[in-house]
Amino acid sequence: MKADTPIFEARHVSLRFGGVRALTDVSFSIDKGELFSIIGPNGAGKTSMVNCISGRYTPTEGQIFFKGQDVTGMTPNNRAEIGIGRTFQNLALFGHMTVLDNIMVGRHHLLKNNFLTGALYWFTGARTEELAHRREIEEIIDFLDIQHVRKSIAGTLSYGLRKRVELARAMALKPDLILLDEPMAGMNLEEKEDMARYIVDLNEEYGMTVVMIEHDMGVVMDISHRIMVLDFGKKIAEGYPEEVLANAHVKRAYLGEADDVLSDEDDVTVTAPAGKVA
Amino acid sequence: MTSMIPCGDFKTGYSADTTIFPTTTSRNMVIFGIAVLCLAPLVMDKYALSLLIQIGYLGIAALGLNILVGFTGQISIGHAAFFGFGAFTSAWLVSNLHVPVFFAIPLAGVLTTAVGMIFGLPAARLKGLYLAIATLAAQVILQDFFARASWFSGGVAGTLTEPFSIFGFVFDTDERYFYVVLAYVVVMYILGTNLMRSRDGRALVAVRDHYLSAEMMGINLTKYRTLSFGISAFYAGIGGALYAHYLQFVSVEGFTILFSIQFLGMIIIGGLGSIMGSLMGTAFMVLLPESMQWLTDSLAGGAIDRALDLSNSLAFLREMAIGAVIILFLIFEPDGLAHRWKQIKAYWKLYPFSH
Ligand SMILES: Nc1ncnc2c1ncn2[C@@H]1O[C@H](COP(=O)(O)OP(=O)(O)OP(=O)(O)O)[C@@H](O)[C@H]1O
Ligand SMILES: [Mg+2]
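For clarity, every value in this text was computed on a predicted model and none was experimentally measured.

## Describing the overall build of chain A
Logical step 1: Of the regular secondary structure elements, chain A holds 11 helices and 10 strands.
Logical step 2: Considering chain A as a whole, with its 278 residues, one finds that 55% of them fall into the buried category.
Logical step 3: Counted over contacts in chain A with a minimum sequence separation of 6, partners at least 24 positions apart contribute 69%.
Logical step 4: Put simply, chain A shows about 11500 Å² of open surface, and 51% of that area lies on carbon and sulfur atoms.

## Thoughts on the domain arrangement of chain A
Residues and elements named next belong to chain A.
Logical step 1: Looking at chain A, the domain boundaries give domain 1 (1-83 + 175-278) and domain 2 (99-173).
Logical step 2: If you look at the interface, domain 1 gives 19 residues, while domain 2 gives 13 residues.
Logical step 3: Across the domain 1 to domain 2 interface the summed buried area is about 1400 Å²; carbon plus sulfur atoms make up 69%.
Logical step 4: Three residues stand out in domain 1 for area buried against domain 2, namely P175, Y198 and Y206, and they jointly supply 38% of the buried area on that side.
Logical step 5: Where domain 1 touches domain 2, the interface holds 0 salt bridges.
Logical step 6: The tally of links between domain 1 and domain 2 comes to 2 residue pairs in polar contact (both at pLDDT 80 or more).
Logical step 7: Sorting the residues of the side of domain 1 that touches domain 2 by element identifies α2 (76-82), β7 (177-181) and α7 (189-204) as the ones contributing at least two each.

## Digging into the interface of chain A and chain B
Logical step 1: Taken together, the contact pairs 42 residues of chain A with 33 residues of chain B.
Logical step 2: Regarding the contact of chain A and chain B, the summed buried area is about 3400 Å², with carbon and sulfur atoms giving 65% of it.
Logical step 3: Inspection of the region where chain A meets chain B yields 1 salt bridge.
Logical step 4: In this structure, the salt-bridge partner of E130(A) is R202(B), at a minimum N-O distance of 2.9 Å.
Logical step 5: On inspection of chain A and its partner chain B, the count reaches 12 residue pairs in polar contact (both at pLDDT 80 or more).
Logical step 6: At the level of secondary structure, the elements contributing two or more residues to the side of chain A that touches chain B comprise α2, β6 (84-87), α3 (99-105), α4 (115-119) and α5 (126-143) of chain A.

## Thoughts on the pairing of strand β1 (residues 6-17) of chain A
Residue and element names in this part refer to chain A.
Logical step 1: Bridging between β1 and strand β2 (residues 20-31) involves 8 bridges; their strand directions are antiparallel. Looking at β2, one finds that F8 is bridged to I30.
Logical step 2: Alignment of β1 against strand β4 (residues 61-66), held across 5 bridges, turns out to be antiparallel. The residue bridging A10 from the neighbouring strand is I64, located in β4.

## Overview of the pattern of salt bridges
Logical step 1: Counted according to the given criterion, the structure contains 19 salt bridges over all chains.
Logical step 2: For the salt bridge of E138(A) with R150(A), the shortest nitrogen-to-oxygen distance reads 2.7 Å. Of this pair, E138(A) sits in helix α5 while R150(A) is found in the loop between α5 and α6 (159-172), placing the two residues 12 residues apart along the sequence.
Logical step 3: Residue classification places E138(A) among the buried residues on the basis of a relative accessible area of 4%.
Logical step 4: Its salt-bridge partner being D172(B), residue R176(B) comes within 3.9 Å of it at the nearest N-O pair.

## Quick word on the nonpolar core
Logical step 1: F28(A), M49(A) and F263(B) are the most contacted members of the largest nonpolar core, which totals 131 residues.
Logical step 2: Ranked by residue count, the leading element in this core is helix α4 (residues 46-71) of chain B, at 15 residues.
Logical step 3: Counting residues domain by domain, this core receives three or more from each of domain 1 (1-83 + 175-278) and domain 2 (99-173) of chain A.
Logical step 4: The contacts of F28(A), once residues within four sequence positions are left out, are F8(A), E9(A), A10(A), F36(A), M49(A), I53(A), M228(A), K235(A) and E238(A).

## Description of the site of ligand 1
Residues and elements named next belong to chain A.
Logical step 1: The environment of ligand 1 is made up of 15 residues, and the closest members are G43, K46, T47, S48 and Q89.
Logical step 2: H215 is positioned such that a nitrogen or oxygen atom in its side chain is 3.1 Å from an oxygen atom of ligand 1.
Logical step 3: Contact with the protein chains hides 65% of the accessible area of ligand 1, taken as 630 Å² for the molecule alone.
Logical step 4: Put simply, the parts of the chain that give the shell around ligand 1 at least two residues each are β2 and α1 (46-54).
Logical step 5: A per-element tally of the shell around ligand 1 places α1 first, with 3 residues.
Logical step 6: Of the residues belonging to the shell around ligand 1, the class tally is 6 nonpolar, 7 polar and 2 charged.

## What about the coordination of the magnesium ion (ligand 2)?
All names here are of chain A.
Logical step 1: Only T47 (OG1) and Q89 (OE1) from the protein coordinate the magnesium ion (ligand 2), and they sit 1.8 to 2.1 Å from it. Remark: Q89 occurs in the loop between β6 and α3 and T47 occurs in helix α1; sequence separation between them is 42 residues.
Logical step 2: Of the residues examined, Q89 reaches a relative accessible area of 28% and is grouped as partly exposed.

Conventions we followed
- Residues numbered from 1 in each chain as written.
- Chains lettered and ligands numbered in written order.
- Predicted model: local features only at pLDDT ≥ 70, side-chain atom pairs only at ≥ 80, totals over all residues.
- Heavy atoms only, no water.
- Helix = DSSP H or I, 4+ residues; strand = E, 2+ residues; numbered from the N terminus.
- Buried < 20%, exposed > 50% of the residue type's maximum accessible area, 1.4 Å probe, protein only.
- Contact = heavy atoms within 4.5 Å.
- Areas by Shrake-Rupley, 256 points an atom, 1.4 Å probe, with all protein chains shown as cover.
- Domains from an automatic or database assignment.
- Buried area = accessible area lost by both parts, 1.4 Å probe.
- Salt bridge = Lys/Arg side-chain N within 4 Å of Asp/Glu carboxyl O.
- Polar contact = N/O pair within 3.5 Å; in protein donor to acceptor, adjacent residues only side chain to side chain.
- Pairing = 2+ DSSP bridges.
- Core = buried A, V, L, I, M, F, W, Y, C linked by side-chain atoms within 4.5 Å.
- Near = heavy atom within 4 Å.
- Nonpolar A, V, L, I, M, F, W, Y, C, P; charged D, E, K, R; others polar.
- Donors = N, O, S within 2.8 Å, 3.2 Å for Na, K, Ca; no water.

As structure tokens, then:
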């Protein structure tokens, strides 16, 4: 499951917004097949880092490499084509489209029909192509258990379902690297467990390399292979879950604030990085 | 949001799911409707027929504007200028390059597309008010061009052009030209429907709904915003060309900003982001002044007429009514006629359990 070729690398990435230093000299790399988590307190720069990976922000300094290629200045839409997909911290579905259409948009870079061949639908093979992809995304729909809302307008769904549809849409891109920004925020326990299982499956069965930002330490410790900790835009630790947990800096900067949360979760298998959710 | 498919009607494959019409009944209804329309020239008087023809060519242009505004979320207050450009171009192709009208109409559409893209390219980088002003510039520049370039538009005298014909058969009466417009409406609306259910159409809506995640899905924002201007101009150009060969005369005065705003009125009333709504809204806008006329006629001579001087203020009353209707729609029916139509259908389908 874990090959040793780095699929992604950030080299000395800094990002400033005027006077605000969102990221300062952050370097790390992710191996193909890893489930990599980024944690840190609010405002630590986690989303900023993911935005640099997905191309929404361009680092003020430093470089981003994907599959050995320097992608620092590449536009987000081109990054989708080379295999980077993501979900957003705040819901970002196409609110007036059906769930099916939302997921089909994820197929954009894989579909070949265009405004001409699409408009001529039956005569150009566009119909055949659309149907073939429709069949494929049905598999994702089954995987995420959202068959019952296929035809619903995305904007009318519950929060938890919308998060799931967003994941489905990102999966439809067939990315090699998938970035999940707080996929479980605002979910109840049951929804969180489901989501954690989907993430593990999409890593293990679909073979996608995962970068996840998540505040729920129980889940993070449980399913991550490796973890990076950011604080005030700086990397303060990186390593296997148990190493990160033992790190004094981390305890002070981040986990200290969440002591009670952790003690609640003491019985969770924090030392088994690749384990499934209990 | 409930689906409109009656219970028990289970789809047996994905292909059944992607048909234009949700049920075979609705498809048959539309085919029946078109068949009935084919009989219109046999039973309708010339005046009613001319209204239908108007609804046809304006409806095509309105669909274009709806693709730009309703589906892509852009704004344009220069649509009438593109409509005019299509009209002049088709006339120009016929008289100067001796292109048969049959080919001149689609060609005018293509050339209008090119002009639309040129104006769309900078506009694609703008938003909101700035975009509105940029399209206003398109309106002003093109209008000025019509007035000055007499080699193209015939200047103040306007341009005379030929009627539509195929193999020597000339469609020079309303009864005949009606079929040309009907065929164009059917084809253009089918093309529009297909576009919206395939890759690039979805991309346009994605850009409207959430441009940041659209970009993350591999959609090039500038490309699709510009494309939307192009497609919208194509529809405007075809509509304009059909208009030119209907009247067989194009004058430089007609394509004002007021006309552009009427196009916006059509799609707002019909329903932003609704294909069939575009046609409904156009019909509404064409028929509204007619019904005003009818109203004033039937009140003619009465006390109200004398008090309000209706017959003299008719033109003024029409404008007022159109403005009032747009405002009322914005307040009470922001989703347009298409939405109301769906609800009426739902009401009958669920009757008597609709409450
Ligand atoms: N577009 C922007 N303009 C200005 N400042 C920004 C912008 N994006 C992020 N920042 C700032 O950068 C810092 C890091 O923000 P970021 O959103 O990356 O934090 P985060 O770790 O994702 O926090 P959270 O856990 O709350 O999501 C914050 O101080 C934030 O205010
Ligand atoms: Mg964040």
